[in-house]
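Residues per chain, in single letters:
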Amino acid sequence: FDAFLQYKKELTSDVFNSFDVQIGHSYQNFKNDGNQVRYQYNAETGFRELVYNESNPNFRYYNVLNLQSYFARANVSILERFLLTASLRADASSLFSKEYRWGYFPAAALAWQIDEESFLKDSKVLNALKLRLSWGETGQQDITGVVGFYPSIPLFLAGDANSQYFPNSSLYSAQPFNPNLTWEKTTTYNLGLDFSLFKNGLLSGSFDIYKRNTTDLLAQAPVPPGQALTNAFIDNIGETESEGFELNLNLAAINKENLNLSIGGNISYNST
């Protein structure tokens, strides 16, 4: 389920020309039926409780992943040549415990339409020139392929019929978990330039340089002996940093009424 509300208005002010505001909500729920029997410890009652789907007559074990997001964005046009954008996301994942479930990810960007400046308006070489500067944070939570759907809560796996102290009295094996898991966070800085040159945009393209830093990496990490229920499990550990540039060029070699031919290419460099 996705829903958003947008409001846009043109202004007559000499400074602010227009603004565009959006708010919204996103909801996703995934259920994966299984056939295992698992139990969760209830601290209030002191009993192990089945994790099951009540609508299923066989009370089979099932996995649920719920993702929810609230987001807002505002675009403001200033002096007919500056565009300011700001946004904020609040994302939640059921993979994490309640204390670490929500992640908040802001972003901001500023664009300068340089070709709208008076000293370039009459240029016969330059058709368009825009300078962009942006910063933003994003989050990542997808670890179900490594540790399943319940990595943050204690669960128990029922033993087979041969693992019993007394008849009809099964043993239960505690499963590994990490209650401190939270969102992996990536911060990106970007500086870009878009351009179009010569008649009919004969040569156009863009050039971007960026720097990206990721922290609280969700990675499979070794666990010291005797300190957990396994020798390796998912944890927020370490960070990575990368930087580089990308150049895109497009040449409109032929631009006629009945024939168009363009040649494009790009080159990029990344260091991690």
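Structure: see above.
So, a few notes on the structure that sits alongside this text. Bear in mind that the values here come from a model prediction, so they are computed numbers and not experimental data.

Conventions used here
- Residues numbered from 1 in each chain as written.
- Predicted model: local features only at pLDDT ≥ 70, side-chain atom pairs only at ≥ 80, totals over all residues.
- Heavy atoms only, no water.
- Salt bridge = Lys/Arg side-chain N within 4 Å of Asp/Glu carboxyl O.
- Helix = DSSP H or I, 4+ residues; strand = E, 2+ residues; numbered from the N terminus.
- Buried < 20%, exposed > 50% of the residue type's maximum accessible area, 1.4 Å probe, protein only.
- Phe/Tyr/Trp six-rings, centres within 6.5 Å; stacked < 30°, edge-to-face > 60°.
- Contact = heavy atoms within 4.5 Å.
- Core = buried A, V, L, I, M, F, W, Y, C linked by side-chain atoms within 4.5 Å.
- Patch = residues over 30% accessible without salt bridge, like charges linked within 9 Å, V, L, I, M, F, W, Y side chains within 5 Å.
- Areas by Shrake-Rupley, 256 points an atom, 1.4 Å probe, with all protein chains shown as cover.

## Remarks on the pattern of salt bridges
Evaluation of the coordinates by the stated rule reveals five salt bridges. Close ionic contact of Asp208 with Arg132 constitutes a salt bridge, the shortest N to O distance being 3.1 Å. Remark: Arg132 occurs in strand β8 (residues 126–140) and Asp208 occurs in strand β14 (residues 203–215); sequence separation between them is 76 residues. Classification of Asp208 as buried rests on a relative accessible area of 14%. Salt-bridge contacts for Lys185 lead to Asp216; the nearest nitrogen and oxygen are separated by 2.8 Å. With Lys185 in strand β13 (residues 184–197) and Asp216 in the loop between β14 and β15 (218–222), this pair connects stretches of sequence that are 31 residues apart.

## Some words on the packing of aromatic side chains
Per the stated rule, a full pass over the model turns up seven aromatic pairs. Ring geometry for Phe82 against Trp112: centres 6.1 Å apart, planes inclined by 20°, an arrangement best described as stacked. Placement of the pair is Phe82 in strand β6 (residues 82–93) and Trp112 in strand β7 (residues 102–113), with a sequence separation of 30 residues. What makes Phe82 partly exposed here is its relative accessible area of 24%. Each residue in the set Phe96, Phe105 and Trp183 is aromatic and connected to the rest through ring pairs, giving one cluster.

## Brief notes about the side chain of Ser97
One can find Ser97 in the loop between β6 and β7. Owing to a relative accessible area of 11%, Ser97 belongs among the buried residues under this scheme. Look past the residues within four positions of Ser97 in its chain and what remains in contact with it is Ser152 and Pro179.

## Looking at the environment of Gly265
Here Gly265 lies in strand β18 (residues 260–271). Exposure remark for Gly265: the relative accessible area of 36% places this residue in the partly exposed category. Discounting residues that sit within four places of it in the chain, Gly265 has contacts with Leu247, Asn248 and Leu249.

## Notes on the nonpolar core
By size, the foremost hydrophobic cluster in this structure holds 14 residues, and its most contacted members are Leu65, Leu95, Phe96, Ile143, Leu181, Leu218 and Ile234. If you list the elements that add at least two residues to this core, you get β5 (62–78) and β16 (232–236). Residues in contact with Ile143, not counting those within four places in the same chain, are Leu95, Gly148, Pro151, Leu181, Leu218 and Ile234.

## Focus on a nonpolar patch on the surface
Where nonpolar side chains cluster on the molecular surface, the patch consists of Leu84, Leu110, Leu131, Leu133, Leu191, Phe207 and Ile209 and spans about 540 Å² of accessible area. Counting residues per element, the ones that place at least two in the nonpolar patch are β8 and β14. When you line up the elements, Leu191 lands in strand β13.

Functional significance is not addressed by these values, which are geometric in nature.
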